[in-house]
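Chain residues, written in single-letter form:
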Amino acid sequence: MALRVSLAGRVSIDNGAVVIDEERLPGRQGRLVFAYLVIEQGRSVTRDELADVLWGETPPATWEKALGVIASKLRALLGECGLDGTKILASAFGCYRLELPEGSWVDLVAADRGVVEAAAALAAGEPEAAKALARQAAALARPTLLPGEDGAWIEAKRRDLADILGNALDCLAGACLCSGEPAEAARWAQEAIALHPFRESGYRRLMRAHADGGNGAEALRAYERCRRLLDEELGAYPSPETESIYRELLKTAPVTVRAAGSGTATVSPDGETRRVKASLAERDAERPIGPVARGGDPGVEVPAALASRVRRPSRRLAVVAALLVVGGTAFAVFGGLAWRAKHSATGLPAGSWAIGLDMPLSGVVAFRGTKVRNAVQLALRDVNAAGGIAGSVLRLKVYNDAGAGALWYAYGQDPSRGAANTRAMVADSQTIAMIGPWGSSVAVAELPLTNRSGLFQCSPANTNPRLTKPRNGALDLRSAYPTRINYVRLAPSDDIQAPALAWFAFHDLEARVALVIDASGDGRDIADGFQEAYTKLGGRAIRRALNPGADSMALLHAAVKKPPGVVFFGGFEDAGAKLRLAMRRAGLGRVPFLSWDGLLNGGSGAEPGSFLQQAGAAAAGTFISHASIAPERASFAQSYRATYGTEPDEYAAAAYACTEVIVASLRAIAANGRAAGGLREALRAYAVDPSHRYETILGTVGFDANGDSTQQFVTFYRVDPSAANGAGDWVAYKQQDFGPAP
């Protein structure tokens, strides 16, 4: 039995015969839990996560019981709808999982789907259908989600709804332009601007609507409003798309300008054009060589698969297209999709093509995202200064996925913000590739979106095996098109660490017997991988498990009589420090202690809670691995320092290399005279081809059939007790390429 669930505005459940309004939900907490589980439908949500939703950092002592009572009451309400509440809202292993019946309708999902379908209808030349679908999507997205409540996850979903509403309004404006309703188009564009004042697409719609209505002065005023806002608030310039409309308007409309005194004067189009050209030339001379970093400018989502089904523009579309002339080639831009009237035999299609960047640019890891952004800007500056790609320049659109204090998001990043940013990039037809994200948890949220749309995505930093390896669940992330690879990464996969550590133990430490000790979870996985690889090399492994609360000394009794060549530990800093201290007490302090980068957490011995601080002097003789980036060319570091006055890190270098891969792929396909609608797919197909190699600042790189880099560098660190003013720190011992990826 399918349900209709509404979350925006008033929460309700409707099965066609019974309607349960939010007043019947088990209070405020029941409303929050139900809404959260609907949003996370199909995912196992831990009790701790739900406790954080309800009480934040200070849950009551009886929170588990209270949560159980809320779940029981929700099951009873689902039972009133003729459903088995225990199956619909299941609990197991400390988690709750909501699975709505097949065919159920959720307003947030319907709004998102509706705006995509509206954009597809508009791209197919069906403005009336587009208007109907966009109006419905806008109506669903307008109400406030969970009014009266706050929280990072609620704010993230409200941002998603605002994006959907903005795209729906943009689609309505475009559809009205197509059907010859400039006044209606202007109304929708004004609403879009009020919602997203820094999104230029609304101003472009408004300019075209006024021009279509014969009001050129108002069109120019809309441009000036956009230009002034960007200048005063962001210190940025309007995009080339916006300025191209402005320049064309100047050719056809008289312009009223304010003189030095209080009077005004009307200037002829030709005279004004000359003045503005001179003004623009002067301003362009003041711009940095590379593209100006600005926020995203999403339009209406048009999946890549729709591009091949775009119909020939109608006569009405051709009239509107006359407003846009770029380099002598006419374009009509509606619903975020550009139709090309003609293209040359070689080179990129005329237009302003962009690379999107998703990184944390505020909060605790902003220093990481900022370095990556700087590196991509530097790469594009170098490319554009050298003439671009067959005469076309590339610009950068920057998006921030910082977590805004959401405690459950790892490393200060918010996967839902990353997903919203990705939807914006997918919707913007001028964005032909994406770089990012920083964290693997964000990539998990983004990859299904880029796979479905075919947007090429290159990450400089992700290491989770799940993102690429079918055996680890990659096919679930690219379920829309399982065989289509669109995501690649230059950072090695974490599962390279186990065989690399085994090699290091056997060859560098010359250990023929290893005592392998694991803690739970991820530690057991790395220990399993180490043992398998180590025994294949000819080593003998003695396996032990360090259970929670167990005495580390008990695991070492047998080793005291006949010390192993190395003790390998799979776990994290707290248990690792206790084990290393126990080794010293047992007389095994001289036996090398080997582990993975789980011991890197916390940093040097000067950092409270770090492995080095807890282990103290006993930490000497410890080695760890870290999946890392290949060493970059010195010229990159020199250029980065000269431009930004700081040192780059390894992931900044990888981001520069990602840009090099994108640029090399674009240059390779430019000779085919690819049409605008097929540019994304041509770029993706070329970039991920396992037979292709790219010369970058990291050396020669390529990607295997899963999207993993052919470079699989691992850096090994040892403890230097004298570093960090005597507190001890990790220092690089050696770096080695263990590619190809396992």
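Above this text sits the structure in question.
A brief look at the structure comes next. (Residues numbered from 1 in each chain as written. Predicted model: local features only at pLDDT ≥ 70, side-chain atom pairs only at ≥ 80, totals over all residues. Heavy atoms only, no water.)

With 86 residues, the main nonpolar core has L7 and W153 as its most contacted residues. The next biggest cluster of nonpolar side chains, apart from the first, holds 56 residues, and it includes A375, I389, L490 and I697. (Core = buried A, V, L, I, M, F, W, Y, C linked by side-chain atoms within 4.5 Å. Buried < 20%, exposed > 50% of the residue type's maximum accessible area, 1.4 Å probe, protein only.)

Moving on, we come to the state of the cysteines. Evaluation of the coordinates by the stated rule reveals one disulfide. No disulfide involves C171; its sulfur sits 9.0 Å from that of C178, the nearest cysteine. Considering cysteine sulfurs only, C178 is the nearest to C176, which forms no disulfide, with 9.2 Å between them. (Disulfide = S-S within 2.5 Å.)

Now for the packing of helix α5 (residues 107-123) against helix α6 (residues 127-141). Close contact between α5 and α6 brings their axes to 8 Å; oriented N to C, the two are set at 160 degrees. Between α5 and α6, the crossing angle belongs to the class labelled roughly antiparallel. Where α5 crosses over α6, the two elements pack in a sense that is left-handed. When α5 is examined against α6, the residues D107, A110, A111, G114, V115, E117, A118, A121 and L122 are found in contact with a partner set consisting of P127, A129, A130, L133, A134, A137, L140 and A141. Of the residues contributing to the contact of α5 with α6, the split by class is 14 nonpolar, one polar and two charged. (Axes fitted to C-alpha atoms, helices over the stretch in contact; angles between N-to-C directions. Helix = DSSP H or I, 4+ residues; strand = E, 2+ residues; numbered from the N terminus. Parallel < 35°, antiparallel > 145°, perpendicular 65-115°, else oblique. Left-handed = near helix turned anticlockwise from the far one by under 90°. Contact = heavy atoms within 4.5 Å. Nonpolar A, V, L, I, M, F, W, Y, C, P; charged D, E, K, R; others polar.)

Now for the sheet that holds strand β25 (residues 713-720). Sheet architecture is open: seven strands sit in the order β19-β18-β20-β21-β22-β25-β26, paired in mixed fashion. Each of the sheet's edge strands pairs with one partner strand only, and the pair in question is β19 (540-545) and β26 (729-737). Here the average twist between neighbouring strands, direction ignored, is 25 degrees. Here strand β18 (residues 513-518) runs beside β19; their pairing, made up of six bridges, is parallel. From the neighbouring strand, D518 faces β19, where its bridge partner is A545. (Pairing = 2+ DSSP bridges.)

Their axes nearest at 11 Å, the elements helix α14 (residues 366-385) and helix α23 (residues 634-644) cross at an angle of 100 degrees. In this view, α14 runs roughly perpendicular relative to α23, as classed from their interaxial angle. Contact residues: α14 offers K371, N374, A375, Q377, L378 and R381, while α23 offers F636, S639, Y640, T643 and Y644. Looking at side-chain class alone, the contact of α14 with α23 contains five nonpolar, four polar and two charged residues.

An order of β14-β13-β15-β16-β17 is seen for the five strands of this open sheet, with the pairing classed as parallel. Each end of this open sheet is capped by a strand with a single partner; those strands are β14 (394-400) and β17 (487-489). Sheet twist, expressed as the average angle between the axes of neighbouring strands with direction ignored, equals 25 degrees. Sitting on the sheet, helix α24 (residues 650-670) touches β13 (353-359), β14, β15 (431-435) and β16 (456-459), and the angle it makes with β15 is about 150 degrees.

Take the pairing of strand β5 (residues 89-92) next. With four bridges joining them, β5 and strand β6 (residues 95-98) adopt antiparallel strand pairing. Paired with A92 across the strands is C95, a residue of β6. Between β5 and β6, which pair antiparallel in sequence order, lie two residues; one of them, F93, sits at a positive phi of approximately 55 degrees.

Let us now look at the pattern of salt bridges. Summed over the entire model, instances satisfying the criterion amount to 38 salt bridges. R221 is the salt-bridge partner of E218, the closest N and O atoms lying 2.9 Å from each other. Placement of the pair is E218 and R221 together in helix α10 (residues 216-234), with a separation of three residues, close to one helical turn. A salt bridge links R381 to D382, with the nearest nitrogen and oxygen atoms 3.4 Å apart. Here R381 falls in the partly exposed class, since its relative accessible area comes to 25%. Judged by its relative accessible area of 28%, D382 is partly exposed. One salt-bridge network, in which partners are shared between bridges, spans R10, D21, E22, E23, R28, R31 and E149. (Salt bridge = Lys/Arg side-chain N within 4 Å of Asp/Glu carboxyl O.)

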